[in-house]
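Fold and contact review
Read off the chains here:
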Amino acid sequence: MISRYISVEKQGQNYRALCPFHDDRNPSLMISPAKQIFNCFVCNTGGNAIRFVQLYEKKSYYEAARRLADMVNFKHEAFTAPLKVVTKKEQALNPLIKAINDLTAYYQYTLLTEAGSEAKKYLVNRGLNDALLKKYKIGFAPLDGEETVRFLQSKGHALKTIEDIGILGGTLDRPYDINQGRIIFPLNNKDGQVVAFSARGLPSEKKAPKYVNTRETKLFVKSETLYNYHNARELMAAQYVYLVEGFLDVIALDRVGQKSVVALMGTAFTKEQIALLRLLNKEVRICLDGDTAGQMATLSVVKDLITANIALQIVKPHAAGYDPDDILKKEGKDALVTALNTFIPRDDFIFNYYLATTKRDDMDSNKKFVNDIMHEIILKLNSRLEVSAMIERLAEASGFNSLVLTDMYESLRKRMQTRNQALDTVKQKLPVRQTLNKVAQAERFIVYQMLVYPEARAFFDAHVKVFTHEVHRYIANYLKEFRPSEKVNYALLLNDIQTRFSDENKINEYTQELLEIETTLESVKYDEDILNDAAKTLNYERELQILERRHQDELLKAPDEASYALLKAKHIQARRELMKKYNQKK
C-alpha cells in the first residue's frame, strides 16, 4: 500500500524508502509487510497502513481507514454511509462550504443565461463543449455583483460568510461580488471540494487584469492547491501525470484524451504541491510553456522533483514556444498528442537551458556557464563515459580545453567526497537513542517476550503482575483482554492504539514505544532465565521504591538526632537484606 504513495526498495524481507515525514536524503523508513508496520529511524514516525494514510494525507482516522478500503476495494457497511463532520475545524468550515457550493452552482447557471452569452461564446470558440463546462464547473459571474450577493443572502448565507469565502467587495450598504462580469474557473482542494475561484476577464475587457484569483481564506491556501488534482488522483491506473501551467492547458490535454493532468495556475512550485505530486506516486511529465519564463519554471521544477526523488520526464519545448492550448488551437489534435509524447533527456534540457540563457560574451559569464553545467549535470553522473562525453560537449560550447575541465571535475568530485565522508562520520558519532535505565530495559524485554510468546504472559501473571511504565501496562492489558493465547499482530495492536486514544501526542508516544520494542528486540528468542532476571530487577526496584518512601516518612517524624541515626542504620540494614533477597550488587 505504501508503494502507492512513495517509491520503495526491497531489502531482504522488508522495504526501505525515503521518509516523507521529514527532509530525508538517505532512506530511513523501514516497511515490514510481514508485520504490516512502518517505522522511520530518524524522525521516529511509525504505525500501520491506516496510520500512514492518516499522516500522509492529513486525514482523520476514519477518513484514512475509508480511503485505504477504497484503494484495496474492501467493502464494508462501516464505509457505505456518507462521511460525517467530526472535528471542530470542519464544523466551523461548514457554512463556508455550503455558501461556496451554492455560489458555484449559481455561476454555472448564469453562464447558460443571456447574461453569460458572451462568455459562453468565448469558451465555445476555445473548444469547450457542454460536457467540459460541466466537468470543470465553469461559470460566469453576473455583471451586477450586488445581484450575486442578494442571491447568496436569499439562500440564508450571512454577509460575514460571503466575505469569508473571499468574494465580497464594496461597503456594508452596497456589497458586491468582486468577480462580477468574469468567467469563473472553480478551484478544488485535493478531495474535490470547491474552495476558491479564478476569474478571467472577458476578451472585450482590454484594461482589466486577465485573471483574478480569490484571496487566501480558511478554505483556500494557494500554495497547497493544484488545479484538477482531484480528477487526476482518481485515475489510479495512470502511470504518469502531466504538469502544465494553466486551466486551458489542462482542458486542452483532456480534449485529446490525456486526463491525468494538473496545473500550477501560474504560482511558484511549493513544497506542499510537491507533497501532493508525491502522493500520486506517478511519473511527472513536465509540460510548461515554451517561452523563456516557462522554461525557467521548468528548470526550477526539475530541480525540486529531483531533490524530492520523484520520477520525471520533460516534454520537449515547442519550437515556437507554444503552450499545449496554443498547439491544439494552431496545429490540431495530432500535433498536440505527438508533442506530449516527445521528451528531452533531463541533462540535455538543463544543458540547452543554460546554453540559451547565458550570454558567455566575457570570461566571467563563460565561467558561470561552466560552473552551472559542472554542478547541475556532470557531478551527478555515475558513468565515467557519460562524464567524458559531457565534458567534451561543454568544452565545445565554452571554448575551454577538455583537459582543464577534466581537472576541474576531479577536484570538485574529491572535495564533494571529502565533505560527504565528514557528514557520515558525524552521523555515526551522534547518539541515536537515549540509554534506558534498568527498569525500562527489563520491562521492554518482558513486553517483547509477551508479544511474541504466549507462555511469557503466564510468566508475567505469576512473577511480575504489573508494570511501572504506562505504555507497557497498556500492552499487557491488551494482550490479556484480546490476545490471550496467540502471537500478536502489530498492525492490529497499533490500530487499537489509534482508536482508543484521541490525544495525538499519546498516540505517537504509544506507537513509538511499541515500534522501539519490536525493532530493538526483534531477534531475541524466548528465554525464561532472562525473564527471571528481568522480573527480579523489576520487583527489586519496586520494593526499593516502597522502602525509600517509608524511610523518608520515618525520618521526617524522628523526634531527635539519636532516633534519626537509629532509623538511618535500620534503613541501611533493610536495603542490604533487599539486595540479598534479589541477588543485587552494590
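These notes cover the structure that comes with them. Since the model is a prediction, treat every value here as computed from it, not as a measurement.

**Structural notes on helix 21 (residues 490-500)**
Every α-helix winds through 3.6 residues per turn, so residues three or four apart in the chain are directed the same way. Burial analysis of helix 21 places eight of its 11 residues in the buried class, which makes it a mostly covered element. Buried within helix 21 are the following residues: Tyr490, Ala491, Leu493, Leu494, Asn495, Asp496, Ile497 and Gln498. Two or three places before Ala491, at the opening of helix 21, Asn489 has a side-chain oxygen 2.9 Å from that residue's backbone nitrogen.

**Some points on the sheet that holds strand 12 (residues 240-244)**
Paired through backbone hydrogen bonds, the strands of a sheet run either parallel or antiparallel to each other. Reading across the sheet, the five strands line up as 13-12-14-15-16 and stay open at both edges, with mixed pairing between neighbours. Each having just a single partner strand, strand 13 (261-263) and strand 16 (343-344) make up the two edges of the open sheet. Both strand 12 and strand 13 contribute to a ladder of three bridges, which runs parallel. Opposite Val244, over in strand 13, you have Ala263 as the bridge partner.

**A closer look at empty space enclosed by the protein**
Scanning all chains against the criterion turns up one cavity of 30 Å³ or more. Computed from the structure, the largest cavity encloses a volume of approximately 120 Å³. Lining the largest cavity are 19 residues, with Cys287, Leu288, Val315, Lys316 and Pro317 positioned closest to its centre. Of all the secondary-structure elements, those providing two or more residues to the lining of the largest cavity are helix 11 (292-307), strand 15 (312-315), helix 12 (324-331) and helix 13 (333-340). Its residues placed into classes, the lining of the largest cavity shows 12 nonpolar, four polar and three charged.

**What to know about the sheet that holds strand 11 (residues 211-213)**
Strand order in this open sheet of four strands is 6-9-10-11, and the pairing throughout is antiparallel. The outermost strands of the open sheet, each flanked by one partner alone, are strand 6 (139-140) and strand 11. Examined bridge by bridge, strand 9 (residues 182-188) and strand 10 (residues 194-201) share seven bridges and lie antiparallel to one another. By the bridge assignment for strand 10, Ile183 is matched with Arg200. In the packing of helix 4 (residues 117-125) onto the sheet, contacts are made with strand 6, strand 9 and strand 10, and the angle to strand 9 comes to roughly 65°.

**A closer look at the pairing of strand 4 (residues 37-40)**
Neither face of strand 4 is open: one carries Ile37 and Asn39, the other Phe38 and Cys40, and all of them are buried. Direction of pairing for strand 3 (residues 29-32) relative to strand 4: antiparallel, over a ladder of four bridges. The partner of Ser32 across the bridge, within strand 4, is Ile37. Summarising the sheet, strand 4 and strand 5 (residues 46-47) pair through two bridges and their orientation is antiparallel. By the bridge assignment for strand 5, Asn39 is matched with Gly46.

**Topic: the nonpolar core**
In terms of nonpolar packing, the biggest core is built from 63 residues, with Leu29, Leu243, Leu277, Ile286, Leu305, Ile378 and Leu394 touching the most fellow members. Leu29 has contacts with Ile6, Tyr15, Arg16, Ala17, Leu18, Cys19, Pro20, Asp24, Phe38, Asn39, Cys40 and Phe52, leaving out every residue within four places of it along the chain. Tyr106, Val194, Val244 and Leu248 belong to the second largest nonpolar core, which has 54 residues in total.

**With respect to a negative patch on the surface**
Where like charges cluster on the molecular surface, the negative patch consists of Glu455, Glu528, Asp529 and Asp533. Ranked by the residues each element gives to the negative patch, the list is headed by helix 23 (residues 528-556), at three residues. Of note, Glu528 is situated in helix 23. A relative accessible area of 41% places Glu528 in the partly exposed class.

The rules behind each value
Residues numbered from 1 in each chain as written. Predicted model: local features only at pLDDT ≥ 70, side-chain atom pairs only at ≥ 80, totals over all residues. Heavy atoms only, no water. Buried < 20%, exposed > 50% of the residue type's maximum accessible area, 1.4 Å probe, protein only. Helix = DSSP H or I, 4+ residues; strand = E, 2+ residues; numbered from the N terminus. Polar contact = N/O pair within 3.5 Å; in protein donor to acceptor, adjacent residues only side chain to side chain. Pairing = 2+ DSSP bridges. 1 Å grid on protein atoms, 1.4 Å probe; cavity = no way out; pocket = protein on both sides within 12 Å on 5 of 7 lines; lining within 4 Å. Points joined across faces, edges and corners; volume = space filled by probe spheres on them. Nonpolar A, V, L, I, M, F, W, Y, C, P; charged D, E, K, R; others polar. Contact = heavy atoms within 4.5 Å. Axes fitted to C-alpha atoms, helices over the stretch in contact; angles between N-to-C directions. Core = buried A, V, L, I, M, F, W, Y, C linked by side-chain atoms within 4.5 Å. Patch = residues over 30% accessible without salt bridge, like charges linked within 9 Å, V, L, I, M, F, W, Y side chains within 5 Å. Areas by Shrake-Rupley, 256 points an atom, 1.4 Å probe, with all protein chains shown as cover. Salt bridge = Lys/Arg side-chain N within 4 Å of Asp/Glu carboxyl O. Lys, Arg positive; Asp, Glu negative; His and termini not counted. Charge placed at Lys NZ, Arg CZ, Asp CG, Glu CD.

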